[in-house]
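If you want the building blocks of each chain, they are given just below.
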6 protein chains.
Amino acid sequence: MRVTVNRKAHFNAAHRLYNNEWTDARNASVFGKCANPNYHGHNYDLIVSVTGEINPDTGFVMDMKVLKKLIREDIEEQFDHKNLNEEVKEFKTLNPTAENISVVIWNKLRNKIDQNLDLSVTLYETPRNFVTYNGG
Amino acid sequence: MRVTVNRKAHFNAAHRLYNNEWTDARNASVFGKCANPNYHGHNYDLIVSVTGEINPDTGFVMDMKVLKKLIREDIEEQFDHKNLNEEVKEFKTLNPTAENISVVIWNKLRNKIDQNLDLSVTLYETPRNFVTYNGG
Amino acid sequence: MRVTVNRKAHFNAAHRLYNNEWTDARNASVFGKCANPNYHGHNYDLIVSVTGEINPDTGFVMDMKVLKKLIREDIEEQFDHKNLNEEVKEFKTLNPTAENISVVIWNKLRNKIDQNLDLSVTLYETPRNFVTYNGG
Amino acid sequence: MRVTVNRKAHFNAAHRLYNNEWTDARNASVFGKCANPNYHGHNYDLIVSVTGEINPDTGFVMDMKVLKKLIREDIEEQFDHKNLNEEVKEFKTLNPTAENISVVIWNKLRNKIDQNLDLSVTLYETPRNFVTYNGG
Amino acid sequence: MRVTVNRKAHFNAAHRLYNNEWTDARNASVFGKCANPNYHGHNYDLIVSVTGEINPDTGFVMDMKVLKKLIREDIEEQFDHKNLNEEVKEFKTLNPTAENISVVIWNKLRNKIDQNLDLSVTLYETPRNFVTYNGG
Amino acid sequence: MRVTVNRKAHFNAAHRLYNNEWTDARNASVFGKCANPNYHGHNYDLIVSVTGEINPDTGFVMDMKVLKKLIREDIEEQFDHKNLNEEVKEFKTLNPTAENISVVIWNKLRNKIDQNLDLSVTLYETPRNFVTYNGG
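Positions within a chain are numbered from 1, following the residues in the order the chain's sequence is written. For this description, chains carry letters from A and ligands carry numbers from 1, given in the order in which they are written. Residues qualify for local features only when their pLDDT is at least 70, as the model is predicted, and side-chain atom pairs are given and counted only at 80 or more; totals for whole chains, interfaces and linings, by contrast, use all residues. Side-chain numbers here rest on the full set of heavy atoms in the structure, without hydrogens or water.

1. Quick word on the overall build of chain A
Here comes step 1: Secondary structure elements are taken from DSSP: a helix is a run of H or I of four residues or more, a strand is a run of E of two residues or more, and numbering for both begins at the N terminus. For chain A, the helix and strand inventory stands at four helices and five strands.
Here comes step 2: Along chain A, helices (α) and strands (β) appear in the sequence β-α-β-α-β-α-α-β-β when read from the amino end.
Here comes step 3: Judged by the C-alpha coordinates and their principal axes, chain A covers about 60 × 25 × 25 Å.
Here comes step 4: Per-residue burial over chain A gives 60% buried out of 136 residues.
Here comes step 5: The contacts in chain A between residues at least 6 apart in sequence include a share of 67% that link residues at least 24 apart.
Here comes step 6: Surface exposure here means Shrake-Rupley accessible area, sampled with a 1.4 Å probe, where a residue is shielded only by the protein chains that are shown. Carbon and sulfur atoms make up 48% of the accessible area of chain A, which totals about 5600 Å².
Here comes step 7: Once the 17 positive and 18 negative side-chain charges of chain A are each reduced to a mean point, those two points are 2 Å apart. For the exposure calls, accessible area comes from a 1.4 Å probe over protein chains only, and a residue counts as buried if that area is under 20% of its type's maximum, exposed if over 50%, partly exposed in between. Contact between two residues is taken to exist if any of their heavy atoms lie within 4.5 Å; hydrogens are not considered. Positive charge is attributed to Lys and Arg, negative charge to Asp and Glu, and no charge count is given to His or to the chain ends. Just so you know, the charge point we use is NZ for Lys, CZ for Arg, CG for Asp and CD for Glu.

Here you go:
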């Protein structure tokens, strides 16, 4: 009986899309207004999904209080009200697209969560653009 | 051509998290305010997902009118405006966590739905906490 | 330049509709399944709206950090994961309908907020049933 | 590192459920009010999901500007403010159930998107009825 | 203590925008794709808002069960899965814009609801286009 | 018969809260993490509400196509994917709180809309923080 439990979180951040091995002109050409050097920003919604057996004693796959605290400390407090390009070390050299942010979040959470549990993250950059990464 | 059809339903219920083989102190320690002996409650949202071939005559995987009626009679009328611990027999001895509720709902629906169709249920305890069970 | 600022909060609680001057039969007749003596519950969403002049120094009608803290301490911590009838003193003798809960919340907040600011509260009992009270 | 990117779109359309090899009486019996010969309609929400490797230069699985334009031209402009039965050629002989619409949309998009990328479409007929098709 | 109680409902319908005193060309010019003679459609969401004193015996401004039944019988059953232009008599000669639909709904409900209660209706044609009418 | 018509729009932008007549220390003290000199950002949702008589020929208070174009050109194209402090001239000396942004938007739209029509704007900075300004 494997069940997936999901916890929704959010953070508000500034970013720009930028490959720092390219010229500004090429960045502007490929990323359009998303490459604006003055940044823009989003209310990111994050869903962290953990799949595993139900513990028969607690009825939990994973204690949501623990997962909520983990997301708050390792993701929300690191990303919220930040400039992702300037203030989150993973994006010093990695373009903060929704795809790359989801991979960074997955990597930050993966070794904090029991290896018997599968992990997936879904990141909404806007209500109309969102991505999912499960380590696969 | 296998398609998944999904139907959303809801019910409002009281519950508490409680393992009746534990002392009250241990319940309070593990489940925190969710163990409140006076209960709290939720607006549960339920998504029932059924996967199978499209019937070429109707264009349906399953008639949504039938699925809607099944959910209403077997789930909503059993759970809505109830105290899950006190009034739903499955939870007399089973802790009504979202995980366990999703398994109980899946079991109640599984033998009412054609065995050629796959079944999955997603249960939202709140908009930020939700679980999925597909029998796996 | 009067602007309304709104802050959304939520709490999960159990309740039943019950007039304790009536017989159980009359309560059941008037309130139907909402009178269930074992309680049911809701995820309540609360919007607190404060109207006033913009402070030219801060650009704020009211500091949202202050309003957020006020709602958390005076409403969420009092109501969340509680049984409203049994554990919130205002409802010992007052039927916890959405209408009455909104009035109780308004009264609890009114004397904590500057009298030059107008106050309104909107309470969602479910996404389809909600009420607004502005002291009028 | 395979990531799924999702883009939400929408269109408003009229339709009726109707198998044109059946009598009107049988259509009415099977499809109920959905068979109304004068049509009814929906605000359809569409989520197009594309799965593949992240391009290390762009950080994209697929440029969302390209996907957005493809959905607009091939789906929204073909379906929006149309009568699906009367004005979309695929439904001249195919019953426009949500299941069949999702298959038609998937087929229209499949050969416009790189074959190394997996494709799935989710179509909301209403917020409570929705379907997913991934070509499987 | 005047409180507003709100009840959300919905119906799915086809319509076209059309002034039958104008030529087809002028209708097409003014209403664009909304004048499509084959119709298009929407999932309409309706919020009915009733304002009045709280009854001290029930704690209700108006019994929501009564309001829900009134909306179902007088609005949903008249409009749902219908073609508004062809099948709702008020729109035989009145253009079914969101504005006019909201006035028609308000008029249908006004004399069914106690005159001591104020009435307002909000109609969502789409999540991005909506109107409010309060008889004023 | 005065009806309010509402149109929802959105833009994604970076900002920081900052009074440029204050020291950095005072800004940090008053605005907390919102004063981050590297900026953060939001998906802003905007609802523009226009109230007036229904034109009996069109059934419109105001043609939504005109309102949509006005919002797109005067608000979305000016604010979307911008840094509000650095790139929107009104905020060179005005702190871009939600309150002040709503006033700026109202002022930009007011003289583009018929003076017989009332105007109100609601701006969501996040789903939980939003403001309304009607010129009052």
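2. With respect to the interface of chain A and chain F
Here comes step 1: On the side of chain F, 21 residues touch chain A, which itself brings 21 residues to the contact.
Here comes step 2: With both sides pooled, the region where chain A packs onto chain F buries about 1700 Å², and carbon together with sulfur makes up 49% of that total.
Here comes step 3: The term buried area means the drop in 1.4 Å probe accessible area that two parts suffer when joined, counted for both and summed. Among the residues of chain A in contact with chain F, N38, N43 and H81 of chain A are the three that bury the most area, contributing 34% of the side total.
Here comes step 4: Within this document, salt bridges are pairs made up of a side-chain nitrogen of Lys or Arg and a carboxyl oxygen of Asp or Glu, the two lying within 4 Å of each other. At the junction of chain A with chain F, the criterion picks out two salt bridges.
Here comes step 5: One salt bridge in this structure joins D80 of chain A and K33 of chain F, with 2.8 Å as the shortest N-O distance.
Here comes step 6: Any pair of nitrogen or oxygen atoms within 3.5 Å is treated as a polar contact; in protein, a donor-acceptor pairing is required on top of that, and neighbouring residues in sequence qualify only through side-chain atoms on both sides. Between chain A and chain F we count 17 residue pairs in polar contact (both at pLDDT 80 or more) in total.
Here comes step 7: Per element, the largest residue contribution to the side of chain A that touches chain F is four residues, and it comes from strand 2 (residues 40-53) of chain A.
Here comes step 8: Split by residue class, the side of chain A that touches chain F holds five nonpolar, ten polar and six charged. Here the nonpolar group is Ala, Val, Leu, Ile, Met, Phe, Trp, Tyr, Cys and Pro; Asp, Glu, Lys and Arg are the charged ones; every other residue, Gly included, is treated as polar.

3. So, the packing of helix 2 (residues 64-79) of chain C against helix 4 (residues 98-110) of chain C
Residue and element names in this part refer to chain C.
Here comes step 1: Running from amino to carboxyl end, helix 2 crosses helix 4 at an angle of 140°, the nearest separation of the two axes being 10 Å. In terms of orientation, helix 2 and helix 4 fall into the oblique class. Considering the relative orientation of helix 2 and helix 4, their crossing is right-handed. Touching L70, D74, I75, Q78 and F79 of helix 2 are I101, V104, I105, K108 and L109, all from helix 4.
Here comes step 2: Class assignment of the residues belonging to the contact of helix 2 with helix 4 gives a composition of seven nonpolar, one polar and two charged. Fitting a line to C-alpha atoms yields each axis, with helices limited to the stretch in contact; the angle taken between N-to-C directions then spans 0 to 180 degrees. Oblique is the label for any angle not under 35 degrees, not over 145, and not in the 65 to 115 range, which are roughly parallel, roughly antiparallel and roughly perpendicular in turn. Definitions for this section: a left-handed crossing has its near helix turned counterclockwise from the far helix by less than a right angle. A right-handed crossing has that turn clockwise.

4. Regarding the interface of chain B and chain D
Here comes step 1: Tallying the contact residues gives 21 residues for chain B and 19 residues for chain D.
Here comes step 2: Of the roughly 1600 Å² buried between chain B and chain D, counting both surfaces, carbon and sulfur atoms make up 52%.
Here comes step 3: For the pair chain B and chain D, the number of links is zero salt bridges.
Here comes step 4: At the boundary of chain B and chain D, one finds ten residue pairs in polar contact (both at pLDDT 80 or more).
Here comes step 5: Put simply, the parts of the chain that give the side of chain B that touches chain D at least two residues each are strand 1 (2-15) and helix 2 (64-79) of chain B.
Here comes step 6: Element by element, the count of residues in the side of chain B that touches chain D is highest for strand 1 of chain B, at nine residues.
Here comes step 7: Broken down by class, the residue content of the side of chain B that touches chain D amounts to ten nonpolar, five polar and six charged.
Here comes step 8: At least two bridges found by DSSP between two strands is the condition for calling them paired. Note: strand 1 of chain B against strand 5 (residues 129-133) of chain D, five bridges, orientation antiparallel.

5. Remarks on the relation of the copies chain B and chain D
Here comes step 1: In this comparison the copies share one frame, found by least squares on the C-alpha atoms of residues holding pLDDT of at least 70 in both. Least-squares fitting of chain B to chain D yields an RMSD of 0.0 Å, with the superposition described by an axial translation of 0.0 Å and a rotation of 120°. What the superposition gives is, in effect, a three-fold axis relating one chain to the other. Of the C-alpha atoms belonging to chain B, the one lying closest to the rotation axis is found on P127 of chain B, 8.6 Å away.

6. Focus: the side chain of N36 of chain B
Here comes step 1: Along the chain, N36 of chain B turns up in the loop between helix 1 (24-31) and strand 2 (40-53).
Here comes step 2: There is a polar contact of 2.9 Å between the side chain of N36 of chain B and the backbone oxygen of H81 of chain C.
Here comes step 3: Reaching out from N36 of chain B, the side chain makes a polar contact with the side chain of E87 of chain C at a distance of 2.8 Å.
Here comes step 4: Residues within four places of N36 of chain B in sequence aside, it is in contact with R16 of chain B together with H81, K82, N83 and E87 of chain C.

7. Observations regarding the packing of aromatic side chains
Here comes step 1: A pair of aromatic rings is counted whenever rings of Phe, Tyr or Trp (Trp by its six-membered ring) have centres within 6.5 Å, and the orientation is called stacked for planes under 30 degrees apart, edge-to-face for over 60 and tilted otherwise. If you walk through the whole model with that rule in mind, you get 42 aromatic pairs over all chains.
Here comes step 2: Relative to Y44 of chain D, the ring of F11 of chain D has its centre 5.0 Å away and its plane inclined at 20°; by these criteria the two rings are stacked. With a gap of 33 residues between them, F11 of chain D in strand 1 (residues 2-15) and Y44 of chain D in strand 2 (residues 40-53) connect regions that are remote in the sequence. Taken as a pair, F11 of chain D and Y44 of chain D share a single burial class, namely buried.
Here comes step 3: Aromatic pair F11 of chain F and F79 of chain F: ring centres 5.3 Å apart, planes at 80°, arrangement edge-to-face. Remark: F79 of chain F occurs in helix 2 (residues 64-79) and F11 of chain F occurs in strand 1 (residues 2-15); sequence separation between them is 68 residues. Take F11 of chain F and F79 of chain F: they sit in the same class, and that class is buried.
Here comes step 4: What links up through ring pairs into an aromatic cluster is the set F11, Y44, F79 and F91 of chain A.
Here comes step 5: Placement of a positive charge over a ring is assigned whenever Lys NZ or Arg CZ falls within 6 Å of the ring centre and within 35 degrees of the normal to the ring plane. Positioned over the ring face of W22 of chain A is R26 of chain A, at 4.0 Å from the centre of the ring.

8. Details of the arrangement of the chains
Here comes step 1: A minimum C-alpha distance of 14 Å separates chain A and chain C, which share no contact.
Here comes step 2: With no contact between them, chain D and chain F keep their nearest C-alpha atoms 14 Å apart.

9. Comments concerning the pairing of strand 5 (residues 129-133) of chain C
Residue and element names in this part refer to chain C.
Here comes step 1: Counting buried residues along strand 5, four of its five residues qualify, which places the element largely inside the surrounding structure.
Here comes step 2: For strand 4 (residues 118-126) and strand 5, the ladder comprises five bridges, and the chain directions are antiparallel. Residue pairing across strands places Y124 opposite F130, the latter belonging to strand 5.
Here comes step 3: The loop that links strand 4 with its antiparallel partner strand 5 comprises two residues.

10. Here we look at the relation of the copies chain A and chain F
Here comes step 1: For the pair chain A and chain F, the best superposition has an RMSD of 0.0 Å and corresponds to a rotation of 180° with a translation of 0.0 Å parallel to the axis. Interpreted geometrically, this transformation is the action of a two-fold axis.
Here comes step 2: Of the residues that chain A buries at the interface, 100% are likewise interface residues in chain F, meaning the two copies contact each other through the same surface.

11. A look at the side chain of T4 of chain A
Here comes step 1: Inspection of the secondary structure assignment puts T4 of chain A in strand 1 (residues 2-15).
Here comes step 2: There is a polar contact of 2.7 Å between the side chain of T4 of chain A and the side chain of T51 of chain A.
Here comes step 3: Apart from the residues within four sequence positions on either side, T4 of chain A is in contact with S49, V50 and T51 of chain A together with F130, V131 and T132 of chain B.

12. With respect to unusual backbone geometry
Here comes step 1: The phi dihedral of Y39 of chain A is positive, around 75°, even though this residue is not glycine.
Here comes step 2: Here Y39 of chain A lies in the loop between helix 1 (24-31) and strand 2.

13. Considerations on the pattern of salt bridges
Here comes step 1: Tallied over the entire structure, the rule returns 42 salt bridges over all chains.
Here comes step 2: Across the salt bridge formed by K65 of chain E and D63 of chain E, the nearest N and O atoms sit 3.4 Å from each other.
Here comes step 3: Look at K65 of chain E and you get partly exposed, because its relative accessible area is 42%.
Here comes step 4: In this structure, D74 of chain F and K112 of chain F form a salt bridge, with 2.4 Å as the shortest nitrogen-oxygen distance. Here D74 of chain F is found in helix 2, whereas its partner K112 of chain F is found in the loop between helix 4 (98-110) and strand 4 (118-126), with 38 residues between them in sequence.
Here comes step 5: K112 of chain F gets classed as partly exposed once you look at its relative accessible area, which sits at 48%.
Here comes step 6: When salt bridges with common partners are traced through the structure, they connect K89, E90 and K108 of chain A into a single cluster.

Interpretation in functional terms is not warranted from these geometric data alone.
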